[in-house]
Every structure is written in structure tokens, then in C-alpha cells.
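# Fold and contact review
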Amino acid sequence: MGVSNVGQPGPSRSAGRIALGGIAAAWVVIAAGVAAALHVGKLSPALPALGEALGVTLVQAGFLLSLVQFAGMALGLFVGLSADTLGLKRSLLAGLWLLTVASLLGGWARDVQTLLALRAVEGLGFLLVSMPAPSLIRRLVPSERMSAMLGLWGAYMPLGTASALLLGPWVIGISGWASWWWLLAGATMAMAVWVLAWVPDDRNHPRSVAAAPAPQHSWWGRLRHTLRSPGPWLVALTFAMYSGQWLAVIGFLPTIYAQAGVAGSASAVLTALVAAVNMVGNIASGRLLGRGLRPQWLLYTGFSVMGLGTLLAFFVWPLSSAGEGLPAGLRFIAVLLFSMVGGVIPGTLFSMAVRLAPSEGTVSTTVGWMQQWASFGQFAGPPVVAWVASWAGGWHGTWAVTGVCSLVGLVLAFHLGRRSAP
């Protein structure tokens, strides 16, 4: 007793190495999410070039932009079920390979129909990456690091989108839109190899579906268990209230800037900056949750600032006939705060989703349901804002749509707080 084994690492040192290895693997999973998000954001900077090369009309461009969200809206829950069944790492790899092949073939597309079909494939690939990632991160990292890492995971979409908005015009200007597609195909293929080498197999993990209660082995059992529980519904609807207004504002910023006379290059940088600062909120949410802050207070803060930010930025928009409104600098700060502080919402909801899932075997299914409603919000939000802008004769009515979303989000956050109270 009391004699150590010379030359052999102690239990604490071995556990520390395992924990560090899991955290490193979790970083790889986050990088895979960023690689997938690049494909979601790659289209916007390529639309002018696609219009010249393939004759893409405005309506077709709208379909190209929305197909990824339509796939999530239609298939999110079922892809989550598949991830829980087939294995999380397998699903992640399948999604990366689908994105690689679709983007590679997309560079050779010579008509809009082919590009539309491949865009749908990319939507499926994106889902296969994004659905299992939170559950996989949860299994890789120690419990005390889970909130922080899930907060970092929540930043994958704004980071990928902002990177695509910044890099896309530069690459397309040098070598054309096809090279932009092929460059991202190569990056995603490299990411798949990295995941294969660094991320351990989850099928033998003690928290795997094999360890779940027997009634949830089947798709129907997990589906019924998920949809009968209030937690998945609350996080899903809350995410829809966030995603709809965020994409509506970010998506129309280039148009708003163009109408205000802002140059195209400056517009791209400003829009990318607004998208990028969303990462600050995501990362901060993980840190604050790790320090014991109640999640509903982060949701209250995020929705309140999003509603107030759009009120300040759009209520009396200077493009209206009166020409009134806050100075341009203050309006831009309001939009920055809208995106940055609103970023605490997805990071918080990813953390809550893995905690409020009915069981260990339904985490990916719960995230899939949340993603399905998030895609619905992204699919519905921009058209509603565009309709209000057309009816009001300007963008000064945008605050009404985002304000309703924020109010509903606050009510849902209250019920989520009661649900997750210790």
C-alpha cells in the first residue's frame, strides 16, 4: 500500500491525457462543422458570376439559396435518427464525403438544373455533419468542459458563413466560380481525412445507443420518445425564433447597403463582419454556462438585445421618404449588437438540447428536431421580412417581424428555464 508503480503513469495523469485527446478530437469535429458551413455560405458571393455563366435568374437564385434550408426543414429529424442508429462518426464522415463529391461535380455543372440537384445533395451532406456533432462532442469531452465546447460548436455557422463571404469574391475574381467550388471540395476532403484519423469511433463508447434502454433501439421508439417530451419542442421552437430573424437581417444587409449607396466590396466586408461577430456570443455562452449562469438568463439577454437592436436600426430607416433615423454609425453598431449578443442563443440551445434530450440515445434526434425548426425559421424569416418591406415601402418595418420573434423567444425561454431548473 502507498507504493507507486515506477515507470507507469498514475491514474490522474492517464485520465488527463485521455481528456486532452478528447478535447483535441472535439476541436476536429468543430472544424468539420465549419467546413460544412462554408458550403452553405459559398453561394451568395457566386451569384453574380453564376448569372453571367449559367444565366441563373433571380427566382432560380432564390431556390439555390433555400434548398439547403429546405433539406433541413424536411429531413432534420430523420437525419438525426439515422445518426443515432448508424453511429455519429460515420454520419459525420458521410456528410463530408457527400459535400466533397457534390461540390466537385458542381464545378463542372453547365446548367441550372444540375446545380440545383447538387445543391440538394449538399444540403443533405450539411445535415449529416451538423446533426451528430453536438452528441459527438458531448461524448468526447469531460462534463466540466461540455458547455464551453458546445458554445464553440455553436459558432461553426457564423464562422463558415463569414469566411465564405470574405474569401469567395476574391477566389471567384481570380479564377472563376468553378474554382471556388473545387477549392471547397478539396478542403472538405482534407477535413474528412482529418476526422478519420483523429476522431475515435463512438459505437463502442459507454454512452452509445447500445447502452440506451431497449425500447429506444428502434427508430420509432426514439422518435416517439423525443416528440412526446416537451424539452425537444421548446429548444426547437426557440431556435426557430432566433434563426428566422438572424438570417432575415443578415441575408438582406447587402441589398440594404446597395440601396444606401455602399460599394459592393465594402458591403461584403460589412456583412461578413456582422455575421462573424455572432461567434463572440456563441463562445461567451459556453464560458458563462460553464461558470454556472442559468441558461434562461442568456436567452433573455439574447432575445432582448436582438429586438432592441433591430428597433434602433430599422424603426425609422433613413431610406424612407422622411429620410430620418439614427446616424449610420449607430445603426451599424445596433446591427452588430443584434448579431453578437444574439449569438448567445444558439450556443445556449445546443447545450440545453443535449441536456433536455429524453435519453442518451436521443441526443442526435433532439438536435435533428431542433435543426429542422431552425431551418424552418431560416426558410420562412426572409420572405416574411421581404413581404413586410414591400408592403411598408421600405425596410423600416423589419423591426416588427424581429420584435415578434424576440417576444415569442422570451416566452419560450421562460418555459425552458422552468424545464431546466435544478
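Residues numbered from 1 in each chain as written. Predicted model: local features only at pLDDT ≥ 70, side-chain atom pairs only at ≥ 80, totals over all residues. Heavy atoms only, no water.

## Details of the overall build of the protein
What counts here: Runs of E in the DSSP output that reach at least two residues are strands. Runs of H or I that reach at least four are helices, and both are numbered from the N terminus. Here the term buried applies to any residue with accessible area under 20% of the maximum for its type, exposed to any over 50%, and partly exposed to those in between, with areas from a 1.4 Å probe on protein chains only. Between two residues, a contact is recorded if the distance between any of their heavy atoms is within 4.5 Å. All accessibility values rest on the Shrake-Rupley procedure with a 1.4 Å probe; residue burial counts only the protein chains present in the view.
When its secondary structure is counted, the protein shows 18 helices and 0 strands. The buried share of the protein, reckoned over its 422 residues, is 54%. Within the protein, contacts between residues at least 6 apart in sequence are counted, and of these 85% link residues at least 24 apart. Per element, the accessible surface of the protein, about 18000 Å² overall, is 70% carbon and sulfur.

## Let's talk about the environment of G342
If you trace the backbone, G342 turns up in helix 15 (residues 328-342). The class of G342 is buried, set by a relative accessible area of 0%. For the pair G342 and L298, spaced 44 residues apart in the sequence, the C-alpha separation amounts to 9.2 Å.

## Comments concerning the packing of aromatic side chains
Keep this limit in mind: Two aromatic rings, drawn from Phe, Tyr or Trp (for Trp, its six-membered ring), form a pair once their centres lie within 6.5 Å of each other, and the interplanar angle then sorts them: stacked below 30 degrees, edge-to-face above 60, tilted otherwise.
Counted according to the given criterion, the structure contains 12 aromatic pairs. Taken together, a centroid distance of 4.0 Å and an interplanar angle of 10° make the contact between W153 and Y156 stacked. Each member of the pair, W153 as well as Y156, carries the same accessibility label: buried. Both rings, one in W233 and one in W369, keep their centres 5.0 Å apart while their planes meet at 80°; by these two values the pair is edge-to-face. Of this pair, W233 sits in helix 11 (residues 230-259) while W369 sits in helix 17 (residues 363-392), and the two are 136 residues apart along the sequence. On the basis of relative accessibility, which here comes to 32%, the residue W233 falls in the partly exposed class. Among the aromatic side chains, those forming a connected cluster through ring pairs are F126, W153, Y156, F239, Y242 and F350.

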